[in-house]
Amino acid sequence: DAGVIQSPRHEVTEMGQEVTLRCKPISGHNSLFWYRQTMMRGLELLIYFNNNVPIDDSGMPEDRFSAKMPNASFSTLKIQPSEPRDSAVYFCASSSMGLALEQYFGPGTRLTVT
Amino acid sequence: SQKIEQNSEALNIQEGKTATLTCNYTNYSPAYLQWYRQDPGRGPVFLLLIRENEKEKRKERLKVTFDTTLKQSLFHITASQPADSATYLCALDSRRLYSGGYQKVTFGTGTKLQVIP
């Protein structure tokens, strides 16, 4: 298996632009997580899907952030409009265990908003 | 409020020695505690999971202890090697159960380990 796939790996955009991050989980995994990592705040859970259904989106910072999982093999995280404070590394992770254990992380997308 | 504490200062250790990293928590009663490794520019990698009713877990040169009374987990790497240099994160579940029994896992900020040849 190729592991969790994320694209793009790097994204540089200007403030106000829309950003879409993509994730393909490991085949057969039924839980998917989006995280944001910064030096100041560490790894923060943004949203958690199970069987394509959002279970917890309390970590989504504000309405500018939205996430979808239209099927078991694809998820997107969208930021619109983007702001400089959104600059971070965004990770997608998947798990075959519904209790959010043994998560497999993708390589991350480094987002820079200027 | 719930809090996870890992030593934010880097841990430098001589090759061959045992590295010990600490994860302390407050206002949690986790059923599971996990340890992950993260290398620069990469996503975390799962290493070990220990359950609340387990005192100790081993995997090759790795050993994890879990003391629910002290609210602490220790992560040991024996015979450390330069290749063990990385940031190590602990993760706890919150026991908050969503519909269907799903639990939320929260990560600590990690401790950077540097093994010196």
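Heads up: the structure comes first, above all this text.
In what follows, the accompanying structure is described. (Residues numbered from 1 in each chain as written. Chains lettered and ligands numbered in written order. Predicted model: local features only at pLDDT ≥ 70, side-chain atom pairs only at ≥ 80, totals over all residues. Heavy atoms only, no water.)

Structural notes on the sheet that holds strand β7 (residues 62-67) of chain B
All names here are of chain B.
Moving on, step 1. The strand order across the open sheet formed by five strands is β1-β3-β8-β7-β6, and the pairing between neighbours is antiparallel. At either end of the open sheet lies a strand with only one pairing partner, and these are β1 (3-6) and β6 (56-59). Neighbouring strand axes in the sheet, compared pairwise and without regard to direction, differ in orientation by 15° on average.
Moving on, step 2. Pairing geometry for strand β3 (residues 19-26) and strand β8 (residues 72-77), over six bridges, is antiparallel. Bridged to N24 within β8 is Q72. (Pairing = 2+ DSSP bridges. Helix = DSSP H or I, 4+ residues; strand = E, 2+ residues; numbered from the N terminus. Axes fitted to C-alpha atoms, helices over the stretch in contact; angles between N-to-C directions.)

Notes on the layout of surface pockets
Moving on, step 1. Counted as a void, the largest pocket has a volume near 730 Å³.
Moving on, step 2. Lining of the largest pocket is provided by 30 residues; of these, Q37 and M39 of chain A together with Q38, P40 and T87 of chain B occupy positions nearest its centre.
Moving on, step 3. Counting residues per element, the lining of the largest pocket draws most heavily on strand β11 (residues 111-116) of chain B, which supplies four residues.
Moving on, step 4. Broken down by class, the residue content of the lining of the largest pocket amounts to ten nonpolar, 15 polar and five charged.
Moving on, step 5. The computed volume of the second largest pocket comes to approximately 290 Å³.
Moving on, step 6. Broken down by element, the residue count for the lining of the second largest pocket peaks at four residues, all from strand β5 (residues 42-50) of chain A.
Moving on, step 7. A per-class count over the lining of the second largest pocket returns five nonpolar, six polar and four charged. (1 Å grid on protein atoms, 1.4 Å probe; cavity = no way out; pocket = protein on both sides within 12 Å on 5 of 7 lines; lining within 4 Å. Points joined across faces, edges and corners; volume = space filled by probe spheres on them. Nonpolar A, V, L, I, M, F, W, Y, C, P; charged D, E, K, R; others polar.)

Considering the state of the cysteines
Moving on, step 1. The final tally for this structure, using the stated rule, is two disulfides over all chains.
Moving on, step 2. What pairs with C23 of chain A in a disulfide is C92 of chain A, and their sulfur atoms sit 1.9 Å apart. Note on the C23 of chain A and C92 of chain A pair: the S-S dihedral is about -65°, so by sign convention the disulfide is left-handed. With C23 of chain A in strand β3 (residues 19-24) and C92 of chain A in strand β9 (residues 88-95), the pair connects residues that are 69 residues apart, well separated along the chain.
Moving on, step 3. Residue class for C23 of chain A comes out buried when judged on its relative accessible area of 1%.
Moving on, step 4. Note that C23 of chain B is cross-linked by a disulfide to C90 of chain B, the S-S spacing being 2.0 Å. Classification of the bridge connecting C23 of chain B and C90 of chain B rests on its S-S torsion, roughly 65°, and on that basis the disulfide is right-handed. You can see C23 of chain B sitting in strand β3 and its partner C90 of chain B sitting in strand β9 (residues 86-93), a full 67 residues away along the chain.
Moving on, step 5. Exposure remark for C23 of chain B: the relative accessible area of 0% places this residue in the buried category. (Disulfide = S-S within 2.5 Å. Buried < 20%, exposed > 50% of the residue type's maximum accessible area, 1.4 Å probe, protein only.)

A few points about the nonpolar core
Moving on, step 1. With 23 residues, the main nonpolar core has L33, W35, F75, Y88 and L92 of chain B as its most contacted residues.
Moving on, step 2. What L92 of chain B contacts, discounting residues up to four positions off in sequence, is I4, C23, Y25, Y28, P30, Y32, L33, K104, V105 and T106 of chain B.
Moving on, step 3. In terms of nonpolar packing, the next biggest core, distinct from the first, is built from 21 residues, C23, L32, F65 and A88 of chain A among them. (Core = buried A, V, L, I, M, F, W, Y, C linked by side-chain atoms within 4.5 Å. Contact = heavy atoms within 4.5 Å.)

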